[in-house]
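# Chain and residue survey
The residues making up each chain are set out below.
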Amino acid sequence: MKNNRRDFIQKAGIISSSVVFAPNVLLGATRKKKDKLGVALVGLGYYNTDLLAPALQLTEKCELKGIVTGSPEKIPIWQEKYGIKDKNVYNYENYDDIANNPDIDVIYVVLPPSMHREYTVRGANTGKHIWCEKPMAPSVADCEAMIKSCADNKVKLAIGYRCQHDPNIQAYMKVAKEQPFGKIKMLTSAAGYIERRTDHWKQKKNMGGGVMGDMGVYAIQGARLATGEEPISVIAQASTTRPEIYHEVEETMMYQLEFPSGARASCQSSYGVSMNYLQIFYEKGWVKMEPHSGYKGNKGSMSDGTIIDYPIKMQQQKQMDEDAESIFNNKPMIVPGEEGLRDIRVVEAIYKSASMGREVKV
C-alpha cells in the first residue's frame with residue numbers, strides 16, 4: 001500500500017508540473033471544446049475601456065474573461081460591469097500565472113509600445129495566443145523577438161490592425177490585386193489628428209512615442225495595401241509646431257515612398273493636423289477613400305462609379321471574431337506578426353532618412 005501511495009504521489013507530481021510548465025499542451029484540448037475563446041485584456045486605458053471591452057460584448061467567438069492591470073482602483077469597476085471573477089484578475093507581477101488559468105485562451109496586449117515586447121514574450125511563454133495592439137513595437141528587433149517567441153511556444157500572434165478586417169479597406173486591397181484600372185502610378189496617404197494631451201506616452205521617446213508608430217502606420221498601411229508591394233526607399237522630414245510638447249519625438253512626419261513597380265506614395269502623419277484620406281491614381285482610373293482609417297464610416301469611390309460604403313457593426317468586433325476563427329481552425333491570422341514587422345521596418349527607415357536628410361533604402 002505504501003509503495004502504491006508513493007507511486008501515485010510521484011505520478012500526480014509529474015502531472016502537476018506539466019500544468020505549470022507546458023500549459024499549451026494541456027489547454028489545447030480545452031480550447032477545442034469551447035464555443036468561445038476567453039480573452040484577457042492587458043492594460044485598462046482608453047482603447048480597452050471604450051472599444052475592446054464593449055466589442056467583446058458583441059463577439060460570437062470570443063468573450064472577455066480576464067484583466068491585467070496595475071491600477072487596483074479599476075478592478076471593482078470592471079468586475080461589476082463585466083462579471084470578471086477574482087481568479088481572472090492579474091497585475092503585472094503575477095501576469096505569468098495566467099499559464100495555469102483554463103478560462104483564458106488569448107492575451108490581448110494593449111500597453112505603451114515600449115512594453116509590447118515584454119508582455120508579448122511573457123504572454124507567449126504562458127502558452128496563450130497573443131493579440132497585440134499596433135504599433136507592434138518600437139523596433140524591428142523587438143518585432144522579430146515577439147514573432148520568434150510565439151513561434152517557439154506554438155501560439156498564434158495577431159496585430160490589432162482593425163482596418164484590414166474592414167470590408168471598405170478590403171475593397172481597395174482587391175483593386176490592388178486584380179488591377180481593373182491598370183498599374184498604380186501614384187498615391188497620397190494621410191492620417192492625423194490634433195493630440196491635445198501633453199503628458200502621454202505619445203510624447204515620450206522611451207515609451208515608444210512619436211507620430212510614426214501611431215498615426216504613421218495608418219498612412220504606411222494605406223500605401224502598402226494600395227500597391228500590394230513593399231517600399232524599397234524613402235525620403236522623410238520631421239517637424240513640430242509645438243516644440244514645448246514635442247521635443248523628444250516628432251509631431252509631424254512627411255515622407256515619400258518608392259515601390260518596386262515605380263509607383264510613388266506621398267504620405268503625411270501628424271498629431272497637429274486632422275486628416276484621414278487615401279487617393280490612389282492608376283493608369284486608367286482612380287480610387288479615393290475618406291475617411292480611410294477611422295473607427296467607423298470608412299468609405300470611398302472609384303472612377304468607374306463604384307461606391308465603397310459597406311456596413312460594419314464594429315471593426316474591433318469583426319477583428320476579434322475573425323482572429324478567434326483563425327485560432328479555432330488553426331489557419332493563418334489575417335494580420336500576423338510579420339505584417340506588423342513590415343511596417344516597423346519602414347518606420348525605422350523613415351526615422352533614419354529624417355535624421356540624415358537624404359533618401360534611405362528600406
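Just so we're clear, the structure is a prediction, and the values are computed from it rather than from any experiment.

Turning our eyes to something else, we now look at the sheet that holds strand S3 (residues 89–90). The strands making up a sheet associate through hydrogen bonds between their backbones, and the pairing can be parallel or antiparallel. Sheet architecture is open: six strands sit in the order S3-S2-S1-S4-S5-S6, paired in parallel fashion. Single-partner strands in this sheet number two, and they are S3 and strand S6 (157–159). Two elements, strand S5 (residues 129–132) and S6, share three bridges in a ladder whose sense is parallel. Considered in S6, the bridge of Trp131 is made with Ala158. Packed onto the sheet, helix H5 (residues 116–125) meets strand S4 (106–109), S5 and S6 and runs at close to 165° relative to S5.

This next bit is on the packing of aromatic side chains. Summed over the entire model, instances satisfying the criterion amount to eight aromatic pairs. Measuring from centroid to centroid gives 5.4 Å for Trp78 and Tyr82, while their planes differ by 50°, and the two rings are tilted. Residue Trp78 and its partner Tyr82 are located together in helix H4 (residues 75–82), separated by four residues, close to a single helical turn. Take Trp78 and Tyr82: they sit in the same class, and that class is buried. Taking the centre distance of 5.4 Å and the plane angle of 65° together, the rings of Tyr92 and Tyr119 count as edge-to-face. Placement of the pair is Tyr92 in the loop between S3 and S4 and Tyr119 in helix H5, with a sequence separation of 27 residues. Neither residue differs from the other here; Tyr92 and Tyr119 are each classed as buried. Linked through ring pairs, Tyr92, Tyr95 and Tyr119 together constitute an aromatic cluster.

Across the sheet, nine strands lie side by side as S14-S13-S12-S11-S7-S10-S9-S8-S15; this open sheet has mixed pairing. Because the sheet does not close on itself, it has two edges, and the strands there are strand S14 (307–308) and strand S15 (360–361). Here helix H10 (residues 337–356) sits on the sheet and contacts strand S8 (233–239), strand S9 (252–258) and S15; the angle it forms with S8, its principal contact strand, is near 65°.

This paragraph deals with helix H7 (residues 167–178). The terminal C-alpha atoms of H7 lie 16 Å apart, and with twelve residues this matches the ideal 16 Å at 1.5 Å per residue to within 8%. Check the buried side of H7 and you find it contacts helix H8 (211–227), strand S11 (275–282), strand S12 (286–289), strand S13 (300–302), S14 and helix H9 (315–328). If you check the start of H7, you find a side-chain oxygen 2.8 Å away from the backbone N of Asn168, and it comes from Asp166. Looking one or two residues past H7, Gln179 carries a phi angle of roughly 55°, positive in sign.

Conventions we followed
- The written sequence of each chain sets the order in which its residues are numbered from 1.
- It should be noted that, the model being predicted, local features are given only for residues of pLDDT at least 70 and side-chain atom pairs only at 80 or more, the latter also being counted only at that level, while totals for whole chains, interfaces and linings use all residues.
- To obtain the side-chain values, all non-hydrogen atoms of the structure were used and water was disregarded.
- Strands are treated as partners if at least two bridges between them are detected by DSSP.
- Under the DSSP-based scheme used, a helix requires at least four consecutive residues in state H or I and a strand at least two consecutive residues in state E, with every element numbered from the N terminus.
- When checking whether two residues touch, look at their non-hydrogen atoms; a contact exists if any pair is within 4.5 Å.
- Each axis is a line fitted through C-alpha atoms, and for a helix only the stretch in contact is used; angles between axes span 0 to 180 degrees, taken between their N-to-C directions.
- Pairing of aromatic rings covers Phe, Tyr and Trp, the last through its six-membered ring, and needs centres within 6.5 Å; plane angles under 30 degrees mean stacked, over 60 mean edge-to-face, and all others mean tilted.
- The buried label applies to any residue whose accessible area, calculated with a 1.4 Å probe on protein chains only, is under 20% of its type's maximum; exposed applies above 50%, and partly exposed to all values in between.
- The length a helix should cover is 1.5 Å for every residue beyond the first.
- Identification of polar contacts relies on pairs of N or O atoms within 3.5 Å, with a donor-acceptor requirement for protein atoms, meaning one able to donate a hydrogen and the other able to accept it, and with residues adjacent in sequence counted only if both atoms are side-chain atoms.

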